[in-house]
Amino acid sequence: MRVTELTGLPDGVPEHLEGEGIEALYPPQAEAVERGVTEGESLVASVPTASGKTLIAELAMLAAVERGEKALYIVPLRALAGEKASAFERFERFGLSVGVSTGNYESDGERLANNDVIVATSEKVDSLVRNGAAWVDRLGCVVADEVHLVDDAHRGPTLEVTLAKLRARVEDLQTVALSATVGNADELAAWLDAELVDSDWRPIELRTGVHYGQALHLDDGTTKELPVERGESQTAAIVRDTLHDDGSTLVFVNSRRNAEGAAKRLAAVVEKELTDDQRVELASVAEEIRAVSDTETSETLASAVERGAAFHHAGLAKEHRELVEGAFRDRLVRTVCATPTLAAGVNTPARRVVVRDWQRYDGDAGGMQPLDVLEVHQMFGRAGRPGLDPYGEAVLVTDDHDGLEGLFDKYIYADPEPVRSKLAAEPALRTHVLATIATGFATTRSELLEFLDGTLYAEQTDEAGRLASVTDDVLAYLDANGFVERDDDGIRASETGHLVSRLYVDPMSAAEMIHGLREADADTTPLGFYHLVSRTPDMYELYLRSGDRETYTEILYERADEIPGSTPSEFSEGEFEDWLAALKTATLMEDWTEELDEDRIAERYGVGPGDIRGKTETAEWLLGAAERLAGELDLDCVRAVRDARKRVDYGVREELLDLAGVRGVGRKRARRLYRAGVEDRSDLRNADKATVLGALRGRRKTAESVLAAAGHPNPEMDDVAADPAAAPDADGEASGRSGVDAEEGDGQASLGDFE
């Protein structure tokens with residue numbers, strides 16, 4: 001089917017697509033059109049990566065906008081939201097507007113009402129529904145990208161319930177679900193009352209195989225010579241061979257440490273093939289990476305990138321990951337070593353994909369376990385870039401002949417596992433049952449069960465009564481903690497329950513926070529509040545490493561009176577260990593708010609810059625919820641919680657709170673300004689410009705924007721000379737408190753005192 005034959009779209013769209021080089025639809029796209037995707041019909045498209053799923057979604061959304069309706073595109077990861085929104089913005093020339101929302105759970109409801117196409121994560125959509133976003137009722141089409149992730153125990157239930165709510169709330173809502181090839185696409189289609197396009201077609205050939213010995217053994221029975229030189233790993237040999245064919249390689253490993261180690265080793269292979277011009281461009285990218293963070297991880301990544309290789313994992317800061325992805329797409333970085341997170345939708349195709357590690361550690365199983373077939377096939381799908389590569393090749397590696405046949409049977413010839421709902425677990429149901437009651441979707445137990453009957457779990461289960469039993473347990477918990485009120489069959493949310501639902505926290509987290517807040521007071525220290533939110537289910541605690549139990553037990557007894565709540569007995573092994581893990585997490589936040597440099601925090605706690613940002617962002621969100629709950633309950637600790645939240649948000653000591661809140665200042669610039677005598681927003685508004693320029697290292701544009709944000713009457717820096725006396729101390733930045741003298745400590749014991 002030619003794109004010019006498409007109907008039901010805004011005028012000019014088919015011609016625009018043709019101008020982009022899309023003259024004819026791929027077979028799965030044409031089948032989707034034939035099944036009514038541009039006419040409002042719901043559809044499940046289960047097709048391989050890079051086979052045109054996004055265009056199917058675009059056609060559905062454009063047709064919905066042409067009908068005068070709104071369209072919603074749900075992504076599984078924040079990182080994908082901006083990428084997809086940017087891609088959709090090319091259609092703004094046809095009169096539609098695109099909005100993206102991934103931030104604060106209570107924000108954006110009204111702002112998004114003016115957009116025709118909205119891009120958001122499933123968590124954000126769930127929150128918007130809870131907070132009464134009226135524009136949801138004007139939806140005509142919802143697209144669920146990577147819908148097979150309903151199988152994910154952590155995020156799957158939110159996607160599943162969100163789709164069920166949208167379909168229950170909006171009559172005749174068109175649901176378009178995009179999925180990798182899965183074993184039960186027909187079940188997904190039955191759940192969503194949708195047509196099914198189930199195809200294994202790809203625009204370029206995908207060859208799969210296993211490297212063993214000195215050759216690549218392919219799925220068509222052929223063998224290709226690919227020798228391994230003396231002292232060389234199989235992965236290095238594959239990367240070298242790919243480079244000689246002017247291709248790039250994506251290597252999947254099973255841990256962060258392995259990703260970093262492999263990138264270092266493979267950089268030695270890649271750098272031999274770089275031109276002088278490429279070295280110059282890579283050096284520029286490396287400098288951008290170093291500017292993101294001053295941690296060892298940042299320096300290690302920059303050093304690898306200078307040599308044409310990189311690593312990618314969740315411990316990196318968002319900016320790090322974006323720089324790596326961009327350099328890889330631009331063919332500057334030729335090899336990326338990644339954990340499986342990169343397989344989940346980010347647009348990073350390569351000529352070859354190497355699945356080096358097809359096992360990973362599973363704590364529940366107590367050892368290494370094979371990856372699922374679906375996950376490995378997702379990695380395979382990154383091989384081959386349409387329009388750039390003549391083919392894609394996905395390779396597993398083994399040094400064992402029996403392993404050669406085993407890998408073919410387990411992954412090459414195997415079909416992906418079926419997708420299974422993870423909804424009927426109590427932790428997953430707590431938040432969704434409360435939200436369903438608080439938003440009025442259900443006012444009785446029978447209505448609640450009727451709503452849950454529209455979920456994938458209900459479609460799949462053969463355990464009669466299982467969902468009802470778990471739901472009753474959840475209702476009893478919500479009732480016992482005062483989040484719902486019940487009489488006969490009727491259920492309604494209490495005022496606190498309504499607030500908890502809007503705040504988007506797990507009810508168990510809210511119960512823990514309420515209990516602790518009632519024991520806190522106006523004099524409770526920030527550490528106490530950091531510990532309180534760190535022991536909730538919504539915070540992933542840091543692991544206790546060897547020797548940590550003794551260290552944190554000592555800190556606990558030194559500072560136990562700062563922590564609201566009852567410390568478990570040391571004989572309650574699991575509870576006491578969790579309490580100490582929360583304390584370790586809390587001390588990381590305290591070090592952050594005491595302005596300890598990121599590199600020292602990363603080294604001290606064995607984390608990456610992405611982990612630091614993730615922990616502090618989660619803490620800021622949970623402390624915001626704690627502040628609202630304390631206000632709702634009229635407790636004395638509201639201001640203390642607010643100050644703790646601001647400190648972890650800005651990463652500063654108390655005296656910098658006002659200054660760090662000025663747009664563009666941040667933790668390090670605030671300290672430099674403070675040391676130069678500019679102590680708060682008022683000082684900055686009336687500051688001598690030479691002093692500000694000196695404190696900000698002579699950066700004129702930065703100084704102008706900071707002064708403008710503070711309301712300075714004349715922020716321009718023309719002809720202003722930086723005051724050298726205000727310049728940062730050369731070694732002040734490297735001190736343990738990032739410019740705060742050691743003797744300025746407040747007398748409290750911190751982790752550094754125990755090292």
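Going by the structure above, here's the rest.
Residues numbered from 1 in each chain as written. Predicted model: local features only at pLDDT ≥ 70, side-chain atom pairs only at ≥ 80, totals over all residues. Heavy atoms only, no water.

Our focus in this paragraph is the overall build of the protein. Regarding its fold elements, the protein presents 31 helices and 19 strands. On C-alpha atoms alone, the protein measures out to a radius of gyration of 28 Å, which is about the 27 Å that the 2.2 N^0.38 rule sets for 755 residues. By principal-axis analysis of the C-alpha atoms, the protein measures approximately 75 × 70 × 60 Å. Residues counted as buried form 55% of the 755 residues belonging to the protein. Only carbon and sulfur atoms are counted for the fraction: they give 43% of the accessible area of the protein, which is about 31,400 Å². Charged side chains of the protein number 82 positive and 146 negative; the gap between the two group centres comes to 4 Å. (Helix = DSSP H or I, 4+ residues; strand = E, 2+ residues; numbered from the N terminus. Rg over C-alpha atoms; globule rule 2.2 N^0.38 Å. Buried < 20%, exposed > 50% of the residue type's maximum accessible area, 1.4 Å probe, protein only. Areas by Shrake-Rupley, 256 points an atom, 1.4 Å probe, with all protein chains shown as cover. Lys, Arg positive; Asp, Glu negative; His and termini not counted. Charge placed at Lys NZ, Arg CZ, Asp CG, Glu CD.)

Two measures define how a pair of helices packs: the angle their axes make with one another and the distance between the axes. Here helix 21 (residues 526-534) crosses helix 23 (residues 573-593) at 130°, and the two axes come no closer than 8 Å. Our classification of the angle between helix 21 and helix 23 gives oblique. The two elements helix 21 and helix 23 cross, and the hand of that crossing is right-handed. Residues Leu-527, Tyr-530, His-531 and Ser-534 of helix 21 form the contact with helix 23, whose participating residues are Trp-579, Ala-582, Leu-583, Thr-585, Ala-586, Thr-587, Met-589, Glu-590 and Thr-593. (Axes fitted to C-alpha atoms, helices over the stretch in contact; angles between N-to-C directions. Parallel < 35°, antiparallel > 145°, perpendicular 65-115°, else oblique. Left-handed = near helix turned anticlockwise from the far one by under 90°. Contact = heavy atoms within 4.5 Å.)

Moving on, we get to empty space enclosed by the protein. In this approach the atoms are scanned with a rolling probe the size of a water molecule, which exposes any empty space left behind. For the coordinates displayed, the defined rule picks out four cavities of 30 Å³ or more. Its volume calculated, the largest cavity comes out at about 90 Å³. For the largest cavity, the full set of lining residues is Ile-74, Val-75, Pro-76, Ser-122, Glu-123, Asp-145, Glu-146, Leu-149, Arg-155 and Leu-159. Among the elements of the structure, strand 2 (70-75) and helix 5 (122-130) are those that each provide at least two residues to the lining of the largest cavity. Considered class by class, the residues forming the lining of the largest cavity number five nonpolar, one polar and four charged. (1 Å grid on protein atoms, 1.4 Å probe; cavity = no way out; pocket = protein on both sides within 12 Å on 5 of 7 lines; lining within 4 Å. Points joined across faces, edges and corners; volume = space filled by probe spheres on them. Nonpolar A, V, L, I, M, F, W, Y, C, P; charged D, E, K, R; others polar.)

Moving on, we come to the packing of helix 23 against helix 24 (residues 598-605). Where helix 23 contacts helix 24, the two axes come as close as 10 Å, and the packing angle between them is 165°. By the angle between their axes, helix 23 is roughly antiparallel relative to helix 24. For the crossing formed where helix 23 meets helix 24, the hand is right-handed. Taken together, the residues of helix 24 that come into contact with helix 23 (itself represented by Lys-584, Thr-587, Leu-588, Asp-591 and Trp-592) are Glu-598, Ile-601, Arg-604 and Tyr-605. Of the residues in the contact of helix 23 with helix 24, the class split is four nonpolar, one polar and four charged.

Spatially, seven strands are ordered 3-4-2-5-6-1-7 in an open sheet, and the strand pairing comes out parallel. Pairing within the sheet leaves two strands with one partner each, and these edge strands are strand 3 (98-101) and strand 7 (195-198). Averaged over all pairs of adjacent strands, the angle between their axes in this sheet comes to 15°, without regard to strand direction. Direction of pairing for strand 2 relative to strand 4 (residues 117-121): parallel, over a ladder of five bridges. (Pairing = 2+ DSSP bridges.)

Turning our eyes to something else, we now look at the pattern of salt bridges. Should their charged atoms come close, side chains of opposite charge can pair. Per the counting criterion, the structure on display carries 57 salt bridges. Glu-577 is the salt-bridge partner of Arg-549, the closest N and O atoms lying 2.4 Å from each other. One end of the pair, Arg-549, is in helix 22 (residues 548-559); the other, Glu-577, is in helix 23, with 28 residues separating them in the sequence. For Arg-671, the salt bridge goes to Glu-595, with nearest N and O atoms at 2.6 Å. Pair noted here: Arg-671 is in helix 28 (residues 666-675) and Glu-595 is in the loop between helix 23 and helix 24, with a separation of 76 residues, a long-range link. Relative accessible area serves as the criterion here: at 3%, Arg-671 is assigned to the buried category. On the basis of relative accessibility, which here comes to 1%, the residue Glu-595 falls in the buried class. Taken together, the shared-partner salt bridges connect Glu-205, Arg-207, Lys-224, Asp-241, Arg-352 and Glu-393 into one network. (Salt bridge = Lys/Arg side-chain N within 4 Å of Asp/Glu carboxyl O.)

The quantities given are spatial measurements derived from coordinates; they are silent on function.
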